[in-house]
Amino acid sequence: MVVLTRNVVVFGETGVGKSSVINLMAGQEIAHISPDSHRCTLHWTEYQVTFENGNRYKVFDTVGLTNPRLQTGDYLTAFSNAYGLINTLKERGGVNLLLFCIRGGVVSATMQSSYMLFFEFLCKKKVPLALVVLNLEREVRMEDWYTRNMGHLEKHNIRSVGHACITAANHLDGRHRDKYEESRSILRRVVEAHCTASMEGLTDGQGWFASSISRLVEYVVGHPKKTDSDDIIEFLTKRCGITKEVAQQVVSEIS
């Protein structure tokens, strides 16, 4: 019997704990947790995860597209890498599930920005998205966070097919350690429940890329100055491998 491998993309703000979520899901430390936020922000990493029941997943730790410390060029690099991941997965069966990681606390506009950029801009709302709420080890019942914050999530238009209220902090003791083990079961149940058949038609070629990246640059850094046009065209042609005509289309749309 052939066991299908599902593709799961993990995203969220830089430093939110995406690597810790992957380790929790895997049941072992396979993702390196690095303090080098710049490196982690701009690139994605692939991991193989197999559950005890034999279900297999390719899990992708992705870019943080809303890091305020990034300059315009770094935003373009981060976005092109995210685009490269999504486009690569289209050729490998598509994306089965998005896991959107946020910190347990106040629902913020920054969370909304991360959600919009990845779910709406990159994935065009065509992939099931589950919310993973972290840092909840001090809650009496971790699920209580979601009950209290459902209205705030709706207010910020953050919608999901399911959610996991958890802690991914390892090396805890006492009842907090019990919550870490409980969190693994919660996270795996959510993944198994919502990892659906891969979506179709995620990207529409380079024209889609031009439109998406132009909207991204306008969204996160505003309209660039005309003197930036040549730099953007050079970046898109040399770093992203798209044609000069498409690069000029990007500049035209964001000028």
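None of the values given here were measured: they were computed from a predicted structure.

Visitor: Help me understand the overall build of the chain, please; the structure alone is not making it clear to me.
Guide: Looking only at helices and strands, one finds 9 helices and 6 strands in the chain. The proportion of buried residues among the 255 residues of the chain is 49%. Contacts in the chain between residues far apart in sequence, at least 24 positions, make up 73% of those at least 6 positions apart. Just so you have it, the chain exposes about 12200 Å², and 48% of that area is on carbon and sulfur atoms.

Visitor: Could you clarify how one ought to interpret the side chain of asparagine 23 in this entry?
Guide: Here asparagine 23 is to be found in helix 1 (residues 18-26). Asparagine 23 gets classed as buried once you look at its relative accessible area, which sits at 5%.

Visitor: What is the right way to read the packing of aromatic side chains from this model?
Guide: The description of an aromatic ring pair rests on the distance of the ring centres and on the angle between the ring planes. Summed over all chains, the structure comprises 6 aromatic pairs. Seen from their ring centres, tyrosine 115 and phenylalanine 119 are 5.1 Å apart, and the 40 degrees between their planes marks the pair as tilted. With tyrosine 115 and phenylalanine 119 both in helix 4 (residues 109-122), this residue pair falls 4 residues apart, about one helical turn. Using a relative accessible area of 4% as the deciding quantity, one classes tyrosine 115 as buried. On the basis of relative accessibility, which here comes to 10%, the residue phenylalanine 119 falls in the buried class. Among the aromatic residues, ring-to-ring pairing joins Phe11, Phe100, Tyr115, Phe118 and Phe119 into one connected group.

Visitor: Would you mind going over the nonpolar core with me for this structure?
Guide: Generally speaking, soluble globular proteins have nonpolar side chains that are buried together. In this structure, Leu98, Leu99, Phe100, Phe118, Trp145 and Leu187 are the most contacted members of the largest nonpolar core, which totals 61 residues. When neighbours within four sequence positions are excluded, leucine 99 is seen to be in contact with Val8, Val9, Val10, Phe11, Ala130, Val132, Leu187 and Val191.

Visitor: How should helix 5 (residues 144-155) be read in this particular structure?
Guide: If you check which residues of helix 5 are buried, you get Trp145, Tyr146, Asn149 and Leu153. The buried residues of helix 5 all sit within an arc of 95 degrees when viewed along its axis, so they share a single face. Opposite the packed face of helix 5, turned more than 90 degrees from it, sit the exposed residues Thr147 and Lys155. In this fold, the buried residues of helix 5 make contact with strand 4 (97-103), strand 5 (129-134) and strand 6 (162-165). Just beyond helix 5, the residue with positive phi is asparagine 157, at close to 60 degrees.

Visitor: How should the pattern of salt bridges be read in this particular structure?
Guide: Pairing is possible between side chains that carry opposite charge, provided their charged atoms lie close to one another. Here the structure, examined in full by the defined rule, presents 8 salt bridges. In this structure, the salt-bridge partner of arginine 92 is glutamate 46, at a minimum N-O distance of 2.9 Å. Linking arginine 92 in the loop between helix 3 (72-90) and strand 4 with glutamate 46 in strand 2 (residues 45-50), this pair joins segments that are 46 residues apart in sequence. Look at arginine 92 and you get partly exposed, because its relative accessible area is 38%. Since its relative accessible area comes to 30%, glutamate 46 is described here as partly exposed. Where aspartate 144 meets arginine 141, a salt bridge forms, and the shortest distance between an N and an O atom there is 2.4 Å.

Visitor: Is there a simple way to explain the sheet that holds strand 2 in this structure?
Guide: Picture the strands of a sheet paired through backbone hydrogen bonds; they go either parallel or antiparallel. Read across the sheet, 6 strands follow the order 2-3-1-4-5-6 without closing on themselves; strand pairing throughout is mixed. For this open sheet the edge positions go to strand 2 and strand 6, each flanked by a neighbour on one side alone. Going from strand to strand, the sheet's axes swing by 25 degrees on average, the running direction of each strand aside. One ladder, built from 6 bridges, connects strand 1 (residues 5-12) with strand 3 (residues 56-61); its direction is parallel. Bridge pairing in strand 3 links valine 8 to valine 59. Where helix 1 meets the sheet, it contacts strand 1, strand 2, strand 3, strand 4 and strand 5, and its direction lies at approximately 170 degrees from that of strand 3.

Visitor: Where do I start with the side chain of serine 20 in this structure?
Guide: Within the element layout of this structure, serine 20 appears in helix 1. Overall, the relative accessible area of 18% leaves serine 20 in the buried class. In contact with serine 20, not counting residues within four places along its chain, are Ile33 and Ala168.

Parameters and conventions
Residues numbered from 1 in each chain as written. Predicted model: local features only at pLDDT ≥ 70, side-chain atom pairs only at ≥ 80, totals over all residues. Heavy atoms only, no water. Helix = DSSP H or I, 4+ residues; strand = E, 2+ residues; numbered from the N terminus. Buried < 20%, exposed > 50% of the residue type's maximum accessible area, 1.4 Å probe, protein only. Contact = heavy atoms within 4.5 Å. Areas by Shrake-Rupley, 256 points an atom, 1.4 Å probe, with all protein chains shown as cover. Phe/Tyr/Trp six-rings, centres within 6.5 Å; stacked < 30°, edge-to-face > 60°. Core = buried A, V, L, I, M, F, W, Y, C linked by side-chain atoms within 4.5 Å. Arc of directions from axis to C-beta. Salt bridge = Lys/Arg side-chain N within 4 Å of Asp/Glu carboxyl O. Pairing = 2+ DSSP bridges. Axes fitted to C-alpha atoms, helices over the stretch in contact; angles between N-to-C directions.

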